[in-house]
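# Commentary on secondary and tertiary structure
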Amino acid sequence: MPALPADVQSLIAATDKAARERAWAGFLRQYSGVILRVARAMGGGHDPTMDRYTFVVDALQRDDCKRLRAYVPEGRGSFTTWLAVVARRLCMDEHRHRYGRAQSDDADAEAERAARRQLADLVGSELGLDTIEGNAGAPDVLLERAELRAVLDGALAQLDVTERLILRLRFEDALSVPEIARLLGIDSPFKVYRQLDKLLVTVRTHLEAAGIHDASN
Amino acid sequence: MTGPTGRPTEADGLVHLSDAELAGYLDHDLSADERRHVETHIDACPACRREIVALLPITHPGQSPDKTIVPRPRRWWIPAAAAVLVATLAVPRLTRTVPGPDVRQRARRVTEAGGVSRLATVAPADDATVGGRIVFTWRSTNADFYRIDILTASGDPVWTSDTADTTTTLPDSVPLQADRAYFWRVEAIGNGIAATTGVHRIQIPRQ
């Protein structure tokens, strides 16, 4: 388990008000950068960024730094990474606090976005299967697309979790191959490129076994 | 809403990953079982996966697991080029059994339509007759590495190799048949495909 940084240790151990204030100032000097980076990454310019930053800092200090104390018993990962995770989740809370949870229109937009970014559709598109000819609304075309989607879903379901995750990160989340390698702890992006090629071949083989050889079949 | 345990729940009742699990995953500080648990969860939970994707550039900016790879700034043409790469790799193989234009025509059409930068070859010259050890050479670009493919006239891959150099020699273990034509292409790869030579023809002489 990573050690608790000295600044945080001082903050948690401080017993009187003056010591707590000194430790808090030290904490902010050390970690304002990461909190600001998280707040800035949520977008929206200077004012919204500073609103989020203030919200996060207030939340971290509340109840005698209760959130920060939570790092100690479960600590996995470095404190800085853990703090970034907490800060981002607090930023999301701030967004919900300010604008409310996603309702009707937002929910519809999210559902539409999710539908647009289904892995099966994206992989099918990468394989050139999104060009079924004919009237898009015609029943036979809709049926053909539904069948194709079912076959693709079946092919993806046969992959193991890590393989499917590579496809999701590449096609749904648009991560670069070096980023995928970094996240999954794969020591070379070359391996991810090869893995992606192999996965597409696997999916393609599954499609061919189901009698789908190109978009027009 | 995020609770003090750092394990938020959503209106749908789904229990998301804890703060510690996310941090441990980003830092590669989990046991194999814990990593498996996280990956199984984010395979099914776009919300947690989005958090990880959003946090990666903040917590681990610009790191590469392979120290020989130099991170490069994203370029505007990379998404389009990456799409062309997949199309170039996927479509011809998927439609291999369907009669169509030859390899050269297919490759030219795809790359030109996609607007991918051209990567210049140096040797062998197009349509050259080459014997003995074949050395392929191309001009340098700002790529992380290059991938060379040797294909038969029907588009079947014969040999593929990745290299950081701008020249490579066909190994003796890959015998090309006499009196046959083969095709070769090089792709420069950074964060996706950067450029391609298109497909060039070489002729193996009669013995």
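Structure: above.
All of the points below concern the structure found in this document. None of the values given here were measured: they were computed from a predicted structure.

## Points about the overall build of chain B
- Along chain B, the regular secondary structure elements total 5 helices and 10 strands.
- Here chain B, with 207 residues, has 48% of them falling under the buried criterion.
- Across chain B, every contact between residues at least 6 apart in sequence was considered, and the portion connecting residues at least 24 apart equals 57%.
- Of the roughly 10000 Å² that chain B leaves accessible, carbon and sulfur atoms contribute 53%.

## Side note on helix α2 (residues 32-44) of chain B
- In this model α2(B) runs 19 Å from its N-terminal to its C-terminal C-alpha over 13 residues, within 8% of the 18 Å that 1.5 Å per residue would give.
- Within the sequence span of α2(B), burial applies to B:Arg35, B:Val38, B:Glu39, B:His41, B:Ile42 and B:Asp43.
- Those residues of α2(B) that are buried lie in contact with α9 (161-172) and α10 (177-184) of chain A together with α1 (19-26) and α3 (46-59) of chain B.

## Regarding the sheet that holds strand β4 (residues 135-138) of chain B
Residue and element names in this part refer to chain B.
- Read from one edge of the open sheet, 3 strands run β2-β4-β7, paired in antiparallel fashion. The sheet terminates laterally at β2 (121-123) and β7 (167-169), the two strands that pair on one side only. This sheet shows a mean twist of 20° between the axes of neighbouring strands, independent of strand direction.

## Remarks on the pattern of salt bridges
Residues and elements named next belong to chain A.
- Tallied over the full model, the rule gives 21 salt bridges over all chains.
- When the shortest N-O distance is used, the salt bridge between Asp 93 and Arg 96 registers 3.3 Å. Here Asp 93 pairs with Arg 96, and both are found in helix α5 (residues 79-99), just 3 residues apart, close to one helical turn.

## Concerning the environment of B:Val38
Residue and element names in this part refer to chain B.
- Along the chain, the position of Val 38 falls in helix α2.
- In this structure the C-alpha to C-alpha distance between Val 38 and Leu 17, which are 21 residues apart in sequence, comes to 7.3 Å.
- Sequence-distant contacts of Val 38, defined by excluding residues within four places in its chain, comprise Leu 17, Glu 21, Tyr 25, Leu 30 and Ile 52.

## Re the environment of B:Ala120
All names here are of chain B.
- Mapped onto the elements of the fold, Ala 120 is located in the loop between β1 (117-118) and β2.
- Put simply, Ala 120 and Val 186 are 66 residues apart on the chain and 9.1 Å apart in space, counted from C-alpha to C-alpha.
- Residues in contact with Ala 120, not counting those within four places in the same chain, are Trp 138 and Arg 139.

## Details of the side chain of B:His60
- Tracing the backbone shows B:His60 in the loop between α3 and α4 (78-94).
- By relative accessible area, which is 11% here, B:His60 ends up buried.
- Looking at B:His60, its side chain comes within polar contact range of the side chain of B:Asp27, at 2.9 Å.
- Of the polar contacts made by the side chain of B:His60, one reaches the side chain of B:Thr59; its length is 2.8 Å.
- Leaving out residues up to four positions away in the same chain, B:His60 has contacts with A:Thr81, A:Arg182, B:Leu26 and B:Asp27.

## Focus: the packing of aromatic side chains
All names here are of chain A.
- Summed over the entire model, instances satisfying the criterion amount to 9 aromatic pairs over all chains.
- Aromatic pair Trp 24 and Phe 27: ring centres 5.2 Å apart, planes at 20°, arrangement stacked. One end of the pair, Trp 24, and the other, Phe 27, are both in helix α2 (residues 17-41), 3 residues apart, so they sit about a helical turn from each other.
- Overall, Phe 27 belongs to the buried group, its relative accessible area being 0%.
- Between Phe 27 and Phe 79, the ring centres sit 6.4 Å apart and the planes meet at 75°, which makes this aromatic pair edge-to-face. Linking Phe 27 in helix α2 with Phe 79 in helix α5, this pair joins segments that are 52 residues apart in sequence. Side by side, Phe 27 and Phe 79 carry an identical accessibility label, which is buried.
- What links up through ring pairs into an aromatic cluster is the set Trp 24, Phe 27, Tyr 31, Tyr 71, Phe 79 and Trp 82.

## Notes on the state of the cysteines
- Summed over all chains, the structure comprises 0 disulfides over all chains.
- Residue B:Cys45 stays outside any disulfide, its sulfur separated by 3.8 Å from that of B:Cys48, the closest cysteine.

## A few points about α9(A)
Residue and element names in this part refer to chain A.
- The element α9 is largely enclosed, with a buried count of 10 among its 12 residues.
- Between the side-chain oxygen of the N-cap and the backbone nitrogen of Thr 162 there are 3.0 Å, and the N-cap of α9 in question is Asp 160.
- Following α9 by one or two positions, Ala 174 has its phi on the positive side, about 55°.

Rules behind the numbers
- Residues numbered from 1 in each chain as written.
- Chains lettered and ligands numbered in written order.
- Predicted model: local features only at pLDDT ≥ 70, side-chain atom pairs only at ≥ 80, totals over all residues.
- Heavy atoms only, no water.
- Helix = DSSP H or I, 4+ residues; strand = E, 2+ residues; numbered from the N terminus.
- Buried < 20%, exposed > 50% of the residue type's maximum accessible area, 1.4 Å probe, protein only.
- Contact = heavy atoms within 4.5 Å.
- Areas by Shrake-Rupley, 256 points an atom, 1.4 Å probe, with all protein chains shown as cover.
- Expected span 1.5 Å × (residues − 1).
- Pairing = 2+ DSSP bridges.
- Axes fitted to C-alpha atoms, helices over the stretch in contact; angles between N-to-C directions.
- Salt bridge = Lys/Arg side-chain N within 4 Å of Asp/Glu carboxyl O.
- Polar contact = N/O pair within 3.5 Å; in protein donor to acceptor, adjacent residues only side chain to side chain.
- Phe/Tyr/Trp six-rings, centres within 6.5 Å; stacked < 30°, edge-to-face > 60°.
- Disulfide = S-S within 2.5 Å.

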